[in-house]
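# Report on the structure
Chain residues, written in single-letter form:
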Amino acid sequence: MSKSIPEPATAGIESKDTTVGSVFVSNYPPYSTWNEATVPEVHDALTEKPRKDALLGLYMHIPFCRKRCKFCYFRVYTDKNSSEIDTYLNALAKEIEIYSRQPAIADRPLHFVYFGGGTPSYISVKHLTNLVDRVKKVMPWDAAEEIAFECEPGTLTQKKLEAIKHIGVTRLSLGVENLNDDILAENGRAHLSKEVYRIAPWIQELDFEQVNMDLISGMIGETWESWRDTVKKTIELNPDCVTVYQLELPFNTVYSKDILGGDALPVADWKLKREWHQYAFEQFEKAGYAQSSAYTVIKKDQPSKFVYRDAVWQGNDMIGTGVASFSHLSGIHFQNAPSWGDYLGNLEEDKLPVYRALKLTEAEKLTREMILQLKLGKIRPSYFRAKFNADILKIYAEAYQKLQNDGMLVIKSKSDEIQLTERGLLRVDSLLPEFYAPEYQNTRYT
Ligand SMILES: C[S@@+](CC[C@H](N)C(=O)[O-])C[C@H]1O[C@@H](n2cnc3c(N)ncnc32)[C@H](O)[C@@H]1O
Ligand code: SF4
């Protein structure tokens, strides 16, 4: 029997169960509307001078992992050998070299660099330093404000951490996810908690500017008792910043396929995941952290700083390199070829591997920035008036009013603020489709 699948772009407000098809809103308009016909406009934009008001960032996708976690929806490979990784990293460096020669990119300073994945910490020190040497020659990043690097705890050694520090990484992000070994194993994680404790002293000694730990509320097997213990142990590990995600089940995860195939998995419902999320944030606050977005807390004595997130959410330019990566440049969204063969094949022919794109209207740019910044918990109408010459209080009046009536949001016109309530922040991703233009309301997200 086939199961009914809610269309994610509209699966808003109160869906109780964690159904397959839920999404984390990372962009707008929905990815499924990007198209091949717009790709020539990307190439045109690259040959033109950049817009003056935008900063530039570089994202590098390292799509390798030791194991595929059963909840993961990223583009990752677990079967590539060292020589295939070498081929991929050479293609990645070549892609960045091609970008560095484009008039829209050439000579622009990098505001941030982001090594994302997959697992950037999976590759060897030799592979990493070779890649960085090549990239830095054409896009130096010594003056960038943030170099972020994602790690899976079990892939780190002291030597690798030293190399990561040496290439200039300022923000080290660890996929801790949970500190209960049965839960880690059940969910297909490659690491166990002892690996987090093994690397912690080395990380402390290397004194990174910022260490973040990711946790997921709602992994399979979680109970109140195990979650309380994970939160307590995370606080004891003393990271600068903690990110708590609520388990999502987009279509392409192992668990989603199991569920669609008829398996009855014990997945926590949204209410329970939000309760766990809220509990974690209360404990972090008691321990000296302050909330800086729907998902993050940061130590109170530190400036709230996540350069990559803020730059992207404020509509700046970012070149996303690597298989399936997403970019935004001169008002155009685009994505790279999502298959290994197509990505490498294009670069073998010295071509940029762009495969689908969307040029945003001014109204779409406004909606995109407004919904992404709402995830910070608070936005200012004056920011959008100054940047877009638009009155968001009027444009989105109906949606704000509805969310205000539902107790999700408060409009404080006098103090120039629209603020999500705690209730709203805990389910912000499900609220955002309310702001989508009618033509995107029934669109699949990815
Ligand atoms: C690219 S991974 C981080 C680095 C490394 N690959 C790792 O997992 O340790 C990014 C993060 O996405 C989160 N994530 C992945 N799949 C998720 C899902 N289905 N729901 C919620 N969060 C998820 C995890 O917290 C993970 O740490
Ligand atoms: S969560 Fe991280 S380690 Fe797990 S498969 Fe996804 S990218 Fe790889």
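Residues numbered from 1 in each chain as written. Chains lettered and ligands numbered in written order. Predicted model: local features only at pLDDT ≥ 70, side-chain atom pairs only at ≥ 80, totals over all residues.

## Side note on the site of ligand 1
- Around ligand 1 there are 18 residues in total, and Glu-150, Glu-152, Gly-175, Asp-214 and Tyr-245 lie nearest to it.
- Across the shell around ligand 1, the residue classes break down as 8 nonpolar, 5 polar and 5 charged. (Near = placed C-beta within 6 Å. Nonpolar A, V, L, I, M, F, W, Y, C, P; charged D, E, K, R; others polar.)

## Comments concerning unusual backbone geometry
- Cis rather than trans, the peptide bond between Tyr-28 and Pro-29 has omega equal to -10°.
- Here Pro-29 lies in the segment before α1 (39–47).
- You will see that Asp-207, though not glycine, has its phi angle at about 55°, which is positive.
- One can find Asp-207 in the loop between α6 (193–206) and β5 (210–217).
- A tally of 8 C-beta atoms within 10 Å means that Asp-207 is categorised as exposed.
- Look at Asn-238: it is not a glycine, yet its phi comes out positive at around 65°.
- One can find Asn-238 in the loop between α7 (224–237) and β6 (241–246). (Helix = DSSP H or I, 4+ residues; strand = E, 2+ residues; numbered from the N terminus. Buried ≥ 20, exposed ≤ 12 C-beta atoms within 10 Å, placed from the backbone.)

## Digging into α1
- For α1, the full list of buried residues reads Val-42, Ala-45 and Leu-46. Considered in projection along α1, the buried side chains sweep an arc of 100° and stay on one side of the axis. The exposed residues of α1 that point more than 90 degrees off its buried face are Pro-40, Asp-44 and Thr-47. (Arc of directions from axis to C-beta.)

## Considerations on the packing of helix α2 (residues 82–100) against helix α3 (residues 125–138)
- Two numbers describe how α2 lies on α3: the axes approach to 9 Å, and their chain directions differ by 10°. In terms of axis orientation, α2 runs roughly parallel to α3. Within the contact between the two elements, α2 uses Ile-85, Asp-86, Leu-89, Leu-92, Ala-93, Ile-96, Glu-97 and Ser-100 and α3 uses His-127, Asn-130, Leu-131, Arg-134, Val-135 and Val-138.
- Counted by class, the contact of α2 with α3 contains 8 nonpolar, 3 polar and 3 charged residues. (Axes fitted to C-alpha atoms, helices over the stretch in contact; angles between N-to-C directions. Parallel < 35°, antiparallel > 145°, perpendicular 65-115°, else oblique. Contact = placed C-beta atoms within 7 Å.)

## Notes on the packing of α7 against helix α9 (residues 270–286)
- At a closest axis distance of 10 Å, the pairing of α7 and α9 adopts a crossing angle of 30°. When the axes of α7 and α9 are compared, the pair comes out roughly parallel. For the pair α7 and α9, the sense of crossing is right-handed. Where α7 approaches α9, its residues Trp-227, Val-231 and Ile-235 are matched on the opposing element by Trp-276, Tyr-279, Ala-280, Gln-283 and Phe-284.
- Looking at side-chain class alone, the contact of α7 with α9 contains 7 nonpolar, 1 polar and no charged residues. (Left-handed = near helix turned anticlockwise from the far one by under 90°.)

## Points about the nonpolar core
- Counting residues in hydrophobic clusters, the biggest one holds 124 residues, and the most contacted among them are Leu-92, Phe-149, Leu-172, Val-242, Tyr-308, Met-370 and Ile-371.
- Counting residues per element, this core draws most heavily on α2, at 7 residues.
- Each of domain 1 (30–310) and domain 2 (362–446) accounts for three or more of the residues forming this core.
- Every residue in contact with Leu-92, bar those within four places of it in the chain, is listed here: Met-60, Leu-131, Thr-321 and Gly-322. (Core = buried A, V, L, I, M, F, W, Y, C linked by C-beta atoms within 7 Å. Domains from an automatic or database assignment.)

## A short note on the sheet that holds strand β13 (residues 378–379)
- Reading across from one edge, β13-β15-β14 is the order of the 3 strands in this open sheet, with antiparallel pairing throughout. Two strands bound the open sheet, and with one partner strand each, they are β13 and β14 (409–412).
- Bridging between β13 and strand β15 (residues 417–420) involves 2 bridges; their strand directions are antiparallel. In the sheet register, Lys-378 faces β15, and the bridge partner there is Gln-419. (Pairing = 2+ DSSP bridges.)

## Some points on the site of ligand 2
- Surrounding ligand 2, one finds Cys-65, Arg-68, Cys-69, Cys-72, Phe-74, Val-76, Gly-117, Gly-118, Thr-119, Glu-152 and Gly-175.
- Its residues assigned to classes, the shell around ligand 2 shows 5 nonpolar, 4 polar and 2 charged.

## Looking at α3
- Helix length check: α3, at 14 residues, gives a terminal C-alpha distance of 21 Å against a target of 20 Å (1.5 Å per residue), a fit within 8%.
- Burial in α3 covers these residues: Leu-128, Leu-131, Val-132 and Val-135. Buried positions in α3, seen along its axis, are confined to an arc of 95° and lie on one side of it. Projecting away from the buried face of α3 at angles above 90 degrees are the exposed residues Lys-126, Asp-133 and Lys-137.
- Those residues of α3 hidden inside the fold are in contact with α2 and α4 (158–166). (Expected span 1.5 Å × (residues − 1).)

## Some details on the pairing of strand β9 (residues 317–321)
- Most of β9 is tucked away: 5 of the 5 residues are buried.
- Of the two faces of β9, the one holding Asp-317, Ile-319 and Thr-321 and the one holding Met-318 and Gly-320 are both buried throughout.
- Sheet topology places strand β1 (residues 56–62) next to β9; 5 bridges connect them, and they run parallel. Among the inter-strand pairings, Tyr-59 is bridged to a residue of β9, identified as Gly-320.

## Some details on the domain arrangement of the chain
- The domain boundaries assigned to the chain delineate domain 1 (30–310) and domain 2 (362–446).
- Taking only C-alpha atoms into account, the centre of domain 1 sits 26 Å from that of domain 2.
- Of the residues lining the interface, 11 residues belong to domain 1; the matching set on domain 2 comes to 12 residues.
- For the side of domain 1 that touches domain 2, the residue count by class is 4 nonpolar, 6 polar and 1 charged.

## Quick word on the pairing of strand β2 (residues 112–117)
- When you tally the buried positions in β2, you get 6 out of 6 residues, the bulk of the element.
- By the alternation rule, side chains of β2 split into Phe-112, Tyr-114 and Gly-116 and Val-113, Phe-115 and Gly-117, which are all buried.
- Where β1 and β2 come together, 6 bridges link them in parallel fashion. Its bridge partner being in β2, Ile-62 is matched across the sheet by Gly-117.
- Remark: the β1/α2/β2 crossover connection has right-handed handedness.
- For β2 and strand β3 (residues 146–151), the ladder comprises 4 bridges, and the chain directions are parallel. Within the sheet, the bridge partner assigned to Val-113 lies in β3 and is Ile-147. (Right-handed = clockwise from strand over helix to strand, strands pointing away.)

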